[in-house]
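# Reading the structure
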Amino acid sequence: MFDLSGKVALVTGGNGGIGLGFAEGLAEHGAGVCIWGTNEDKNAAAKERIESYGGEVAAIRCDVSREQEVVDAFAQTLDIFGQVDSCFANAGVGGGGAQFDAMTPDEWHRVFKVNMDGVMFTFREAVKHMKSTGRGGSLVVTSSGTARFGAAGSEHYSATKAGVIALIQSLSVGQARYGIRANAIIPGWIETAMTERAFATEAFQTKVIKRIPQRRWGQPEDFKAIAVYFASDESSYHTGDTIAVDGGVSHF
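### With respect to the overall build of the chain
Scanning the chain for helices and strands turns up nine helices and seven strands. Relative to the compact-globule value of 18 Å for 252 residues, the chain shows a C-alpha radius of gyration of 17 Å, a close match. The dimensions of the chain, computed from C-alpha atoms along their principal axes, are 50 × 35 × 35 Å. Within the chain, the fraction of its 252 residues that count as buried is 49%. Taking all contacts inside the chain whose residues are at least 6 apart in sequence as the whole, residues at least 24 apart take part in 71%. In the form shown here, the chain has an accessible surface area of approximately 11800 Å², with 50% of it arising from carbon and sulfur atoms.

### Looking at the nonpolar core
Among the nonpolar cores identified, the biggest contains 34 residues, and Trp-36, Phe-123, Leu-139 and Val-141 are the most heavily contacted of them. Here the element with the most residues in this core is helix H4 (residues 105–133); it accounts for eight residues. When sequence neighbours within four positions are dropped, the list of residues in contact with Phe-123 reads Cys-87, Ala-89, Leu-139, Val-140, Val-141, Leu-167, Ile-168 and Leu-171. Ranked by size, the runner-up nonpolar core spans 25 residues in total, among them Ala-9, Ile-35, Ile-190 and Ala-227.

### Some words on the packing of aromatic side chains
Per the stated rule, a full pass over the model turns up five aromatic pairs. Seen in terms of ring centroids, Trp-108 and Phe-112 are 4.9 Å apart; in terms of plane orientation they differ by 25°. Their pairing is stacked. Residue Trp-108 and its partner Phe-112 are located together in helix H4, separated by four residues, close to a single helical turn. The exposure class of Trp-108 is partly exposed, given its relative accessible area of 27%. Ring geometry for Tyr-229 versus Phe-230: centroids 5.2 Å apart, planes at 50°, classification tilted. The buried category is assigned to Phe-230, whose relative accessible area is 0%. Grouping aromatic residues by their ring pairs yields a cluster made of Phe-22, Phe-88 and Phe-223. Looking at Lys-131, its charged tip hangs above the ring of Tyr-178, at a distance of 4.3 Å from the centre.

Each value, and the rule that gives it
- Residues numbered from 1 in each chain as written.
- Predicted model: local features only at pLDDT ≥ 70, side-chain atom pairs only at ≥ 80, totals over all residues.
- Heavy atoms only, no water.
- Helix = DSSP H or I, 4+ residues; strand = E, 2+ residues; numbered from the N terminus.
- Rg over C-alpha atoms; globule rule 2.2 N^0.38 Å.
- Buried < 20%, exposed > 50% of the residue type's maximum accessible area, 1.4 Å probe, protein only.
- Contact = heavy atoms within 4.5 Å.
- Areas by Shrake-Rupley, 256 points an atom, 1.4 Å probe, with all protein chains shown as cover.
- Core = buried A, V, L, I, M, F, W, Y, C linked by side-chain atoms within 4.5 Å.
- Phe/Tyr/Trp six-rings, centres within 6.5 Å; stacked < 30°, edge-to-face > 60°.
- Lys NZ or Arg CZ within 6 Å of the ring centre and 35° of its normal.

In structure tokens, the structure reads:
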């Protein structure tokens, strides 16, 4: 049912964390996978890891906050694979804990350039391609629980993660006639490089785990299945949705 043979998936920020979880699940089920990331060493390591599943894999250096890099990277992806059937806009940066009354425009825009502009640039190129093929495709964005609950000191991060959900909802309506579906994923507390500073504190470890009904931290591999589902034809009537993969924390 979930055989992805013959399909190609693009995962931005696919060289680690949740993005690597997406990429591994997709490759494991037969998809060709292209990952974008800014760290060449992480790209190479992730590519080698994903290749163990036996499919075609490519890794491209791309800073999604830079429009021309996205345009060029998408063109390079098509040169390699000839198609993109699903696009996972996962690349993102954290808020950094800046107090709102001391926040500078540079800090505000640092987060928006990656988390909002980068998603827009990536999805714009994907939509152009998917419309041109006449086959449609799947757009998936990684949001955050802060889109619903907020986070002191990360107001700019929260705003971007809420913004991408609104973008997804609009794309699901505007692009449906072209067979393009769009959905968002809200992760819970996942052990990744982005969260390692928080996870290193004793207060976080003792207080936050109590708010997770499953009483465990999420892992990148917890996102394999949802990626496969949204990349497969089995999700062809599923669009405009926001799904939490968070161990129940959003309902606690």
